[in-house]
Amino acid sequence: MTDSPFAERTAPEADIAEILRLHRQWWESNIGWDIDRMVEVFPSPGDEYLMFNFNGHPYFGMTEKVALWKWYRELIAQTGGLRTRIMRLEVRADTAWLACEFTIDAEMLDGGEWTVDAVDATLGRATEIYHRDGGTGAPEWRMWHTHITALPDPGEKRPGFDDSTDSRGLGWTPWNPLPKGV
């Protein structure tokens, strides 16, 4: 066994498939702010769920997350153009984490530009933490934490390197960290 990031990682195929299904459902539910579909991805009742939102604020529990989505639904149309690229997925026993980058088409319903502190809010990256616990201890994978942040301008050079999101591509990594079969 090696500590190299290039080492092959394996996990049960059923676990990988379920985490990827939840990941897709989460992101697809963002189109049109589909709250019912979104809620299925997270623990229930979800009082211990924690989100660090793109807007810079934390949201505690599913009640707050649903309230945030209802608020956003009145202001922003997320209309499609969704692309996610997984950068890394690790599954260890009953815990997993997934890192991805994404783009999504969105516009303010009042015709303004959707930004967070003058950052393009249609480009970002996220870390998702999963536990095999549906919220009451049932052995079902659910997302228990997510942290979403902005991507730099796609052409901006990465400090210390001569590359950018544009030159690397969305979700690019220098190694293939995904478990076999993904």
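Predicted model only: the values in this text are computed from it and were never measured. (Residues numbered from 1 in each chain as written. Predicted model: local features only at pLDDT ≥ 70, side-chain atom pairs only at ≥ 80, totals over all residues. Heavy atoms only, no water.)

**Some remarks on the pattern of salt bridges**
Counted according to the given criterion, the structure contains eleven salt bridges. A salt bridge links Arg-132 to Asp-15, with the nearest nitrogen and oxygen atoms 2.8 Å apart. Of the two residues, Arg-132 is situated in strand 7 (residues 123-132) and Asp-15 in helix 1 (residues 13-29); the sequence distance between them amounts to 117 residues. Relative accessible area serves as the criterion here: at 24%, Arg-132 is assigned to the partly exposed category. Between Glu-90 and Arg-92 there is a salt bridge whose closest N-O contact spans 2.7 Å. Arg-92 gets classed as exposed once you look at its relative accessible area, which sits at 53%. Here the residues in one salt-bridge network are Asp-15, Asp-94 and Arg-132, joined through shared partners. (Salt bridge = Lys/Arg side-chain N within 4 Å of Asp/Glu carboxyl O. Helix = DSSP H or I, 4+ residues; strand = E, 2+ residues; numbered from the N terminus. Buried < 20%, exposed > 50% of the residue type's maximum accessible area, 1.4 Å probe, protein only.)

**Description of the pairing of strand 8 (residues 141-150)**
Most of strand 8 sits inside the fold, with seven of its ten residues counted as buried. Where strand 1 (residues 50-52) and strand 8 come together, three bridges link them in parallel fashion. Bridged to Leu-50 within strand 8 is His-145. For strand 7 and strand 8, the ladder comprises nine bridges, and the chain directions are antiparallel. Paired with Thr-127 across the two strands is His-147, which belongs to strand 8. (Pairing = 2+ DSSP bridges.)

**Brief notes about the nonpolar core**
Counting residues in hydrophobic clusters, the biggest one holds 35 residues, and the most contacted among them are Ile-19, Trp-26, Met-38, Phe-42, Val-91, Tyr-130 and Ile-148. Other than its neighbours up to four places away in sequence, Ile-148 contacts Trp-26, Trp-27, Met-51, Phe-52, Asn-53, Phe-54, Phe-102, Arg-125 and Ala-126. (Core = buried A, V, L, I, M, F, W, Y, C linked by side-chain atoms within 4.5 Å. Contact = heavy atoms within 4.5 Å.)

**Some words on helix 3 (residues 61-73)**
In this model, helix 3 (13 residues) spans 19 Å end to end at C-alpha, consistent with the 18 Å of a helix rising 1.5 Å per residue. Of the residues making up helix 3, those classed as buried are Gly-61, Met-62, Lys-65, Val-66, Leu-68, Trp-69 and Tyr-72. Considering only its buried residues, helix 3 is in contact with helix 1, helix 2 (35-39), strand 1, strand 2 (58-60), strand 3 (76-92) and strand 8. (Expected span 1.5 Å × (residues − 1).)

**Some points on the confidence of the model for the chain**
Looking at the chain, pLDDT values average 87 and 86% of them are 70 or higher. Per-residue pLDDT stays below 50 along residues 1-6; that stretch engages in five contacts with residues further than four places along the chain or on separate chains. (pLDDT = per-residue confidence, 0-100.)

**Quick word on unusual backbone geometry**
The residue after Ser-44, namely Pro-45, is reached through a cis peptide bond having omega 15°. Relative to the helices and strands, Pro-45 resides in the loop between helix 2 and strand 1. With a phi close to 55°, Trp-33 is a non-glycine residue in the positive phi region.

**Structural notes on the packing of aromatic side chains**
Per the stated rule, a full pass over the model turns up eight aromatic pairs. Ring centres of Trp-33 and Tyr-72 lie 5.4 Å apart, and the angle between their planes is 25°; on these two criteria the pair is classed as stacked. Here Tyr-72 lies in helix 3 and Trp-33 lies in the loop between helix 1 and helix 2, a separation of 39 residues in the sequence. Judged by its relative accessible area of 5%, Trp-33 is buried. Judged by relative accessible area, Tyr-72 falls into the buried class, the value being 9%. Every member of this aromatic cluster is reached through a ring pair, and the members are Trp-26, Trp-27, Trp-33, Phe-42, Tyr-49, Trp-69, Trp-71, Tyr-72 and Phe-102. Seen from the ring of Phe-161, Arg-158 lies directly overhead, with NZ or CZ sitting 4.2 Å from the centre. (Phe/Tyr/Trp six-rings, centres within 6.5 Å; stacked < 30°, edge-to-face > 60°. Lys NZ or Arg CZ within 6 Å of the ring centre and 35° of its normal.)

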